[in-house]
Amino acid sequence: MPGLSGHDPSLVGVILTHPHLDHFGLARKVQAGVPFFVGKAAQRILREAAFFTGTGLTIEPAGHLRHREAFTLGPFTITPYLIDHSAFDSYCILVEAEEQRLLYSGDLRAHGRKPGTFHELLHDPPANVDVLIIEGTNIRPGVDGTEHAVTETDVENACVETFKATPGMVLDLFSPQNIDRLVTMYRAAIRSDRDLVLDLYAAAVASATGRETIPQAHWDRVRVYLPNSQRTRVIESGEFHRTDAVRPRRIFPEELREKAGKLVMIFRASMAREMEQVGCLEGAHAVWSMWPGYLDELSGQRLKSFLDRLGIGMTIRHASGHAAIPDLQRLVAALAPGKVVPIHSSAGDRFHEFVPGVEQHADGEWWNVA
Ligand SMILES: [Zn+2]
């Protein structure tokens, strides 16, 4: 793509719709001087991910995306629309130039914790969209289009059942960047009379949202455990403000053992041996709250054999970050675009079965909006 890896003035800017790796992974390859635009909270979350996982991004954007606040970028007018997705601070992007209008859906759904954003887009959509570039993660081989989404509320209710049925600690496996899921897990923990134990990464991401309505380390029923790997990272970086910020809320091995049956703990495979040594896993149960496909990968296999060895069962409680087909259909109907171009799907050739006006294009192909 001209301007991405070599200088080309036709690349006037890069817009990051949300902080998921498959949407910003090439950002580091972009030539210096090309302006970036991203949500303010998304920028902070990317910075935390860079510190804790090495797969984030540290950028100084030229501007921030704000809901329905248009700005000019070269010959284009850009309008972001805040939207429900499993990443926090996600946007659809309307691009206008020379009387043509293109709406890129970004990643979206209608069944998370901000469904109002989706409904607002349905009821007050941008008018006269010529092209809708739309994600269709859930348009896959084998679906028939009637599949409805499991919602975050469904996950919450199911988790309450699982948490209540668990005598020991709940080991909760989900991405700390999935803020909707963090809220779900907090609510389910409270409803089953347990405290939620974050790790430092999850506490940092929650803080990065800048929202007091998101469970924060200083909340009464939230505690923070510092896994060895994160403690080492803080010591090596010298960023001790990170541990200072959560000091009064920290939980240590003794309390983990004492209160195991009263805790839901954010867990990852890298903490397995450490928790085993702490000795807090008697009667524990694991809740897998990510895409189940990860369990087939090597890290997932290792996790399963660790849990099997200790006789710890696992239940999958998950909702997709992406819209169900009936919701995609509602969105296409509300926008009534001139044409629909599929993206972000393993079955781009099946879109025409579900929505009208599909025009499929191959990766790397240049095509005209008009
Ligand atoms: Zn995404």
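About the criteria used
- Residues numbered from 1 in each chain as written.
- Predicted model: local features only at pLDDT ≥ 70, side-chain atom pairs only at ≥ 80, totals over all residues.
- Heavy atoms only, no water.
- Pairing = 2+ DSSP bridges.
- Helix = DSSP H or I, 4+ residues; strand = E, 2+ residues; numbered from the N terminus.
- Axes fitted to C-alpha atoms, helices over the stretch in contact; angles between N-to-C directions.
- Donors = N, O, S within 2.8 Å, 3.2 Å for Na, K, Ca; no water.
- Tetrahedral: all angles 85-135°; square planar, octahedral: opposite > 155°, others 65-115°.
- Buried < 20%, exposed > 50% of the residue type's maximum accessible area, 1.4 Å probe, protein only.
- Contact = heavy atoms within 4.5 Å.
- Domains from an automatic or database assignment.
- Buried area = accessible area lost by both parts, 1.4 Å probe.
- Salt bridge = Lys/Arg side-chain N within 4 Å of Asp/Glu carboxyl O.
- Polar contact = N/O pair within 3.5 Å; in protein donor to acceptor, adjacent residues only side chain to side chain.
- Nonpolar A, V, L, I, M, F, W, Y, C, P; charged D, E, K, R; others polar.
- 1 Å grid on protein atoms, 1.4 Å probe; cavity = no way out; pocket = protein on both sides within 12 Å on 5 of 7 lines; lining within 4 Å.
- Points joined across faces, edges and corners; volume = space filled by probe spheres on them.

*Asks:* Can you help me understand the sheet that holds strand 4 (residues 71–73) in this one?
*Replies:* Neighbouring strands of a sheet are bound in pairs by backbone hydrogen bonds; such pairs are parallel or else antiparallel. Pairing is mixed across the open sheet formed by six strands, whose spatial order is 4-5-6-7-8-15. In this open sheet, the two strands that pair with only one neighbour each are strand 4 and strand 15 (339–343). Here the average twist between neighbouring strands, direction ignored, is 25°. Where strand 7 (residues 100–104) meets strand 8 (residues 131–135), three bridges bridge the pair, whose relative direction is parallel. Counterpart to L103 in the pairing with strand 8 is L132.

*Asks:* Quick question: what am I supposed to make of the coordination of the zinc ion here?
*Replies:* Where a metal carries four tetrahedral donors, each ideal angle is 109.5 degrees; where it carries six octahedral donors, the ideal angles are 90 or 180 degrees. In this structure, H18 (NE2), H20 (ND1), H85 (NE2) and D107 (OD) serve as the protein donors to the zinc ion, at separations of 2.2 to 2.3 Å. Between the four donor atoms coordinating the zinc ion, the angles at the centre fall across 90 to 163°, so the site counts as irregular. Ordering the donors of the zinc ion by residue number gives the pattern H-x1-H-x64-H-x21-D. The class for H18 is buried, based on a relative accessible area of 1%.

*Asks:* I would appreciate a short explanation of helix 12 (residues 325–335) in the present structure.
*Replies:* Structurally, the α-helix is built with 3.6 residues per turn, so residues lying three or four positions apart point the same way. Among all positions in helix 12, only I325, P326, D327, L328, L331, V332 and L335 are buried. Considering only its buried residues, helix 12 is in contact with strand 7, helix 3 (115–123), strand 8 and strand 15. Looking one or two residues past helix 12, A336 carries a phi angle of roughly 40°, positive in sign.

*Asks:* Please clarify how the domain arrangement of the chain should be interpreted in this entry.
*Replies:* Interface size, as often reported, equals the accessible area lost upon joining of the parts. Each domain of the chain was delimited in the assignment, giving domain 1 (14–144 + 321–353) and domain 2 (152–316). Between the C-alpha centres of domain 1 and domain 2 there is a distance of 29 Å. Each partner contributes to the interface: domain 1 provides 19 residues, whereas domain 2 provides 25 residues. Overall, the association of domain 1 and domain 2 removes approximately 1,800 Å² of surface from exposure, summing both partners, and the carbon and sulfur fraction of that is 57%. In terms of surface lost to domain 2, no three residues of domain 1 exceed F51, F52 and R113, which account for 44% of the buried area on that side. At the boundary of domain 1 and domain 2, one finds five salt bridges. Remark: the boundary between domain 1 and domain 2 carries eleven residue pairs in polar contact (both at pLDDT 80 or more). Residue composition of the side of domain 1 that touches domain 2, grouped by class: eight nonpolar, five polar and six charged.

*Asks:* Got a minute to help me understand empty space enclosed by the protein in this structure?
*Replies:* The method is simple in principle: a probe with the dimensions of a water molecule rolls over the atoms, and the space it marks as empty is what remains. What the rule picks out here adds up to one cavity of 30 Å³ or more. By volume, the largest cavity amounts to about 30 Å³. Together, I134, I139, L328, V332, F351, F354 and V355 line the largest cavity. Its residues assigned to classes, the lining of the largest cavity comprises seven nonpolar, no polar and no charged.

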